[in-house]
Amino acid sequence: MPDRVPDRMPGRGRPPSVAGKVMAILDAFALGGVRLNLSEICRRAGLPLATGHRLVGELVAGGFLERVPDGTYRIGTRLWRIGSQAPAVTGLRELALPHMEDLYEATHDNVQLAVLRDGRALFVERLRGTRSVPTVTQVGNTLPLHTTGVGKVLLAYAPEDVREEILAAGLPRHAARTITDPGELRRCLEQVRRNGFALTRDEMTTGAASAAAPVRDGRGAVVAALSLVSRTRSADMRRLLPPLATAARALSRDVAVHWRGGSGGEPGPRPDDLPSDERKVSP
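Overview of the structure. In this text the structure is predicted, and so the values were computed from the model without any measurement. (Residues numbered from 1 in each chain as written. Predicted model: local features only at pLDDT ≥ 70, side-chain atom pairs only at ≥ 80, totals over all residues. Heavy atoms only, no water.)

## Quick word on the pattern of salt bridges
Formally: Whenever a carboxyl oxygen of Asp or Glu lies within 4 Å of a side-chain nitrogen of Lys or Arg, that contact is scored as a salt bridge. Helix and strand assignments follow DSSP, with helices taken as H or I runs no shorter than four residues and strands as E runs no shorter than two, numbered in order from the N terminus. To sort residues, take the accessible area from a 1.4 Å probe on protein chains only and compare it with the maximum for the residue type: under 20% means buried, over 50% means exposed, and anything in between is partly exposed.
Inspection of every chain in the model, using the stated rule, returns nine salt bridges. Measuring nitrogen to oxygen at the nearest pair gives 4.0 Å for the salt bridge that ties E58 to R54. Of this pair, E58 and R54 are both found in helix α3 (residues 49-61), four residues apart, which corresponds to roughly one turn of the helix. Note on R54: relative accessible area 43%, which makes it partly exposed. Here E164 ties to R186 by a salt bridge, and the two come within 2.7 Å at their closest N and O atoms. One end of the pair, E164, is in helix α7 (residues 160-168); the other, R186, is in helix α8 (residues 182-195), with 22 residues separating them in the sequence. Here E164 falls in the partly exposed class, since its relative accessible area comes to 32%.

## As for the nonpolar core
Selection criterion: As used here, the term nonpolar core means buried Ala, Val, Leu, Ile, Met, Phe, Trp, Tyr and Cys residues forming a set that is joined through side-chain atoms within 4.5 Å. Contacts are assigned to residue pairs with any non-hydrogen atoms lying within 4.5 Å of each other.
Among the nonpolar cores identified, the biggest contains 31 residues, and V111, L113, L226, L244 and V255 are the most heavily contacted of them. By residue number, the principal contributor to this core is helix α9 (residues 237-258), which donates eight residues. Excluding its chain neighbours within four sequence positions, the residues that come into contact with V111 are M100, L103, Y104, E125, R126, L127, L226, S227 and L228. Residues L116, I179, C188 and L189 belong to the second largest nonpolar core, which totals 24 residues.

## Section: α3
This is how it is decided: One less than the residue count of a helix, multiplied by 1.5 Å, gives the span that helix is expected to have.
The end-to-end C-alpha separation of α3 is 18 Å, in line with the 18 Å expected for 13 residues at 1.5 Å each. Packing partners of the buried residues in α3 comprise α1 (18-27), α2 (38-45), β1 (65-67) and β2 (73-75). G63, located one to two residues past α3, shows a positive phi value of around 85°.

## Overview of the packing of aromatic side chains
To keep it simple, the criterion reads: Only Phe, Tyr and Trp rings are paired, with Trp represented by its six-membered ring, and only when their centres lie within 6.5 Å; those with planes under 30 degrees apart are stacked, over 60 edge-to-face, the remainder tilted. Whether a charge sits over a ring depends on NZ of Lys or CZ of Arg being within 6 Å of the ring centre and within 35 degrees of the ring normal.
Applying the stated criterion to the full structure yields zero aromatic pairs. The ring centre of Y157 lies 4.9 Å from the NZ or CZ of R216, which sits over that ring.

## Concerning the packing of α7 against α8
For any two helices packed against each other, the geometry comes down to the angle between their axes and how far apart the axes lie. So the rule is basically this: Angles run from 0 to 180 degrees between N-to-C directions of axes, and those axes are lines fitted to C-alpha atoms, restricted for helices to the stretch in contact. Left-handed is the label given to a crossing in which the near helix is rotated counterclockwise from the far helix by less than a right angle, and right-handed is the label when the rotation is clockwise. When residues are grouped by polarity, Ala, Val, Leu, Ile, Met, Phe, Trp, Tyr, Cys and Pro land in nonpolar, Asp, Glu, Lys and Arg in charged, and all others, Gly among them, in polar.
Their axes nearest at 10 Å, the elements α7 and α8 cross at an angle of 145°. The chirality of how α7 crosses α8 is right-handed. Counted together, R163, E164 and L167 of α7 and P182, L185, R186, L189 and R193 of α8 form the full contact between these two elements. Partitioned by chemical class, the residues of the contact of α7 with α8 number four nonpolar, no polar and four charged.

## Thoughts on the environment of L167
You can see L167 is positioned in helix α7. When the C-alpha positions of L167 and H146 are compared, they lie 9.0 Å apart, and in sequence the two are 21 residues distant. Beyond its immediate sequence surroundings of up to four residues, L167 is in contact with P182, L185 and R186.

And the structure:
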């Protein structure tokens with residue numbers, strides 16, 4: 001199943017300016033965790049190959065993109081350093097990390113934090129151990145909402161028009177147990193709202209199971225989702241859910257008290273704009 005091509009910058013057609021073309025090239029990587037060759041970048045950005053080749057070369061020279069030995073390109077460290085300074089991202093991550101570390105120590109499973117961005121789950125932080133189950137998640141990646149525990153939580157509490165848009169766009173299969181029927185997913189999301197958590201088994205990655213819970217701000221709105229990812233064959237949800245729920249509630253309290261994106265009581269920026277780095281925890 002081909003990746004959904006992100007919407008281009010202003011005008012939806014060919015970017016009219018050099019800045020627009022550069023933004024379209026960078027936006028080609030918006031799906032996260034991808035290495036793209038030059039043809040793929042130009043196709044996603046809507047640019048002629050010659051123009052893309054010139055601009056990509058300049059972005060590589062400036063450190064905004066990196067050229068991998070196999071000839072593909074990925075986001076560069078200079079762009080990451082700039083993006084990681086966004087206060088909405090750093091504030092949420094700084095609040096979440098102590099709770100994520102406690103959750104990892106209690107379970108020794110993958111711990112993930114995600115927010116809603118452009119109809120997908122954007123992973124803001126992840127902790128993993130050397131013996132944790134391998135997953136496709138990387139910090140800065142986005143994954144489908146209907147296949148992941150964090151995604152189901154974010155979708156369950158999203159505005160109705162967002163849910164309907166995701167359902168209408170189709171639900172591609174990624175693993176044996178991916179939910180592809182809109183009616184079944186609606187029932188699943190209703191259950192998430194009733195229970196206050198989401199569960200997945202072999203829906204994004206075969207062999208991986210997850211449990212996820214909402215993170216709320218001071219107004220009670222869901223601003224993020226916290227999850228544990230374990231091996232399907234050994235995952236005991238009765239063991240995972242209590243520490244997950246405790247961590248999500250504790251993080252929600254900190255978010256309600258300390259997370260301030262704006263001033264004068266105005267709502268701050270959404271915590272879903274830019275990715276950050278990934279941390280690895282030794283067991």
